[in-house]
Amino acid sequence: MDDRLPLLPLILHHVPWSFRQALGQEGIPYRMYRPGPAQGRFLIFDSRSQPSAIVAAGQVVLDLAEFRWEFTEDPFEALEDVGSQRLGWQIGPWRLEGQAARVDKRSVRQQLMDRLRQWVEQHGGLWLRVAPFPFPYRSAFCFRIDHDDYQPEDFLRTLDAIGGWEQATSHCVTAGPFRLAPEALRRLRGLDVGLHGYRYQTYATEEENLENIRRAKELVLEAGLEPIGFAAPGGRWNRALLAALEKLGFSYSSEVGLAYDELPFHPFGAEILQIPIHPISFRLFLDAAEQACRDRPTQKEVIIQSAQDAAIQYFCQMLQTCTLAGEPLLLHSPVTGCLGRYPRLVRAVLTAASQYGSLWRTNLTEIYRWWQVRSKVHLTVYETSEGYEVHTHRKPAGFRVGLELWRGAHVAVIPLDRPRRKLLLSSLAFEKRSAPSRVYPVRIDPPEGFRQRLRQWWEWYRQARKSST
């Protein structure tokens, strides 16, 4: 090993927190700058915040202010956006509509990381990251089953449908409807269970969210369940919800109103991990079918059957493309009137997921635990005459960890099984990763004026008051 500065970690000095968040999601090692001997070859700062730190001999410097000019909008501000909006997806003849984050944070992060990667490689560095999934898996799958209400027949049909694949599911419960059916809650013992709240409502204040979620937690604890995860009703996220979840000791949450189809992250540096899921559910297909039935009531059975077939085909195709691309696919759908009425929907997707050997079929709590391990892996990478040498400063426990070394669209996956690992490019097996085939949403609502926002707030307030009585 030579005595030059290490290629990794990247050294950061006064950069936006969203940039650190993106690096953490990507799995690129970084370290905050501190005075003294240089810790790495690449020093990154943001001149909009503060001038660069003292540059040591042999260091290469990047000013993130230069990156901002290459994007149509500030990527760091986009990653910090917390707004949601109504989106539409066209899948074959079906027009699906739902509420989700107004910024596609995954696309923004990938564009930002791709640009950073170009810069690093142009200056003699390498793109080596901690793999986003436990070794040897290439992608992850989970089906979140939402018990928004309790209807005994639908509840039992859904549990029967997932028989044999329970390890690939998580269950989020709105506890209020189960208060008179404690035996149903006890049926969920042994499964991964999280909460939606006591009432199916996300409130605007911390106090209301605290009361709603606390009541739910007390009820499920009495049934012998110990939830550490939460998913807001309708995927609605706000800071008041985050504050309530932190006070109640939750470990993770999952809201499409904050992010979707993205790797986990800690919003605003919070302790709670956000685990984004796919924004399209089976429910959206059935909603579109019900709308079509209003125009053609005599063809109701044919329309609903067609919507089910389209949903199964769509999600099975997503499974294939995400697995080949090395990206997660975390699905969700409600039970009552959806999975419970048409159990073949969930059964078909779980069957398809079982066919991929490289797919990590897991639940949200295991993803949280894995992400805790992954975030504690600290690496230093040196260039040698034959390739690279990787030093691991903290041995991970509980999961096998892998490294991904990228060359263009090809990647080599290496197990991180010892404190020091030599990487010889000639001995690595590279595989091609295909870009996932996705259906991108379009915005439905026009830009909102003050009166429209006030009207929507008033309608939301009325519904919240109505549900609390």
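Residues numbered from 1 in each chain as written. Predicted model: local features only at pLDDT ≥ 70, side-chain atom pairs only at ≥ 80, totals over all residues. Heavy atoms only, no water.

S.K.: Tell me about unusual backbone geometry, and please be specific about residues and values.
M.R.: Among all residues save glycine, negative phi is the norm, and among peptide bonds the norm is trans. Residue Pro9 follows Leu8 across a cis peptide bond; omega there is 10 degrees. Residue placement: Pro9 occurs in the segment before β1 (10-13). A positive phi angle, close to 55 degrees, is found at Phe268, a residue other than glycine. Inspection of the secondary structure assignment puts Phe268 in the loop between β12 (252-253) and β13 (273-274). Overall, Phe268 belongs to the partly exposed group, its relative accessible area being 28%. (Helix = DSSP H or I, 4+ residues; strand = E, 2+ residues; numbered from the N terminus. Buried < 20%, exposed > 50% of the residue type's maximum accessible area, 1.4 Å probe, protein only.)

S.K.: Before we move on, can you summarise the nonpolar core with the specific residues and values?
M.R.: When a protein is soluble and globular, its nonpolar side chains tend to lie buried together. Counting residues in hydrophobic clusters, the biggest one holds 145 residues, and the most contacted among them are Phe19, Leu116, Leu128, Phe141 and Phe143. Ranked by the residues each element gives to this core, the list is headed by helix α10 (residues 300-325), at 11 residues. Among all residues touching Phe143, those that are not within four sequence positions of it are Ala168, Thr169, Ser170, Phe282, Leu331, His332, Ser333, Leu339, Val346, Val349 and Leu350. (Core = buried A, V, L, I, M, F, W, Y, C linked by side-chain atoms within 4.5 Å. Contact = heavy atoms within 4.5 Å.)

S.K.: Describe the sheet that holds strand β17 (residues 388-392), listing the residues and the values that go with them.
M.R.: Across the sheet, which stays open at both edges, the three strands sit in the order β16-β17-β20 with antiparallel pairing between neighbours. Two strands lie at the open edges of the sheet, namely β16 (379-383) and β20 (420-423), each paired on one side alone. Recorded for the sheet is a direction-independent mean angle of 20 degrees between the axes of neighbouring strands. In the sheet, β16 pairs with β17 via five bridges, with the strands oriented antiparallel. Across the sheet, residue Tyr382 finds its bridge partner in β17, namely Glu389. (Pairing = 2+ DSSP bridges. Axes fitted to C-alpha atoms, helices over the stretch in contact; angles between N-to-C directions.)

S.K.: Which residues make up the pattern of salt bridges, and what values go with them?
M.R.: Applying the stated criterion across every chain yields a total of 28 salt bridges. When the shortest N-O distance is used, the salt bridge between Arg4 and Glu383 registers 3.3 Å. Of this pair, Arg4 sits in the segment before β1 while Glu383 is found in strand β16, placing the two residues 379 residues apart along the sequence. The exposure class of Glu383 is partly exposed, given its relative accessible area of 23%. The partner of Arg344 in a salt bridge is Asp309, with the nearest N and O atoms 2.5 Å apart. Placement of the pair is Arg344 in helix α12 (residues 344-353) and Asp309 in helix α10, with a sequence separation of 35 residues. (Salt bridge = Lys/Arg side-chain N within 4 Å of Asp/Glu carboxyl O.)

S.K.: Can you break down the sheet that holds strand β6 (residues 94-101) residue by residue, with the values?
M.R.: Spatially, the three strands line up as an open sheet ordered β6-β5-β22, and their pairing is antiparallel. Of all strands in the sheet, those bounded by a partner on one side alone are β6 and β22 (442-443). Alignment of strand β5 (residues 84-91) against β22, held across two bridges, turns out to be antiparallel. Looking at the pairing, Leu87 lines up with Arg443 of β22. On the sheet, helix α9 (residues 282-295) packs against β5 and β6 and is oriented at approximately 135 degrees with respect to β6.

S.K.: Describe the side chain of His278, with residues and values.
M.R.: If you trace the backbone, His278 turns up in the loop between β13 and α9. Within the structure, the side chain of His278 is placed 2.9 Å from the side chain of Asp261, a separation counted as a polar contact. Beyond its immediate chain neighbours, meaning those up to four positions away, His278 contacts Val256, Asp261, Tyr314, Phe315, Met318, Leu329, Leu330, Leu331 and His332. (Polar contact = N/O pair within 3.5 Å; in protein donor to acceptor, adjacent residues only side chain to side chain.)

S.K.: Account for the state of the cysteines, with residues named and values stated.
M.R.: The final tally for this structure, using the stated rule, is zero disulfides. With no disulfide of its own, Cys172 lies 9.1 Å from the sulfur of Cys142, the closest cysteine sulfur. A relative accessible area of 5% means that Cys172 is categorised as buried. Cys316 supplies the cysteine sulfur nearest to Cys322, a cysteine that is in no disulfide, at a spacing of 12 Å. (Disulfide = S-S within 2.5 Å.)

S.K.: Give a detailed account of the environment of Arg374, specifying residues and quantitative values.
M.R.: On the secondary structure map, Arg374 appears in helix α13 (residues 364-374). Overall, the relative accessible area of 4% leaves Arg374 in the buried class. The contacts of Arg374, once residues within four sequence positions are left out, are Gly24, Gln25, Glu26, Gly27, Val130, Ala131 and Pro132. From its side chain, Arg374 meets the backbone oxygen of Ala131 in a polar contact 3.0 Å long.

S.K.: Help me get a handle on the packing of aromatic side chains, residues and values and all.
M.R.: In total, this model carries 17 aromatic pairs according to the counting rule given. When the ring of Phe19 is compared with that of Phe76, the centres are 6.0 Å apart and the planes differ by 85 degrees; the resulting orientation is edge-to-face. One end of the pair, Phe19, is in helix α1 (residues 17-26); the other, Phe76, is in helix α3 (residues 75-79), and 57 residues separate them in sequence. Taking relative accessible area as the criterion, Phe19 reaches 0% and is therefore assigned buried. Following the ring pairs from residue to residue traces out a cluster consisting of Phe143, Phe282, Phe285, Tyr314 and Phe315. Over the ring of Phe268 we find Arg239, and its NZ or CZ is 3.9 Å from the ring centre. Lying over the aromatic face of Trp371, Arg374 brings its terminal NZ or CZ to 4.4 Å of the ring centre. (Phe/Tyr/Trp six-rings, centres within 6.5 Å; stacked < 30°, edge-to-face > 60°. Lys NZ or Arg CZ within 6 Å of the ring centre and 35° of its normal.)

These figures come from the coordinates and say nothing about function on their own.
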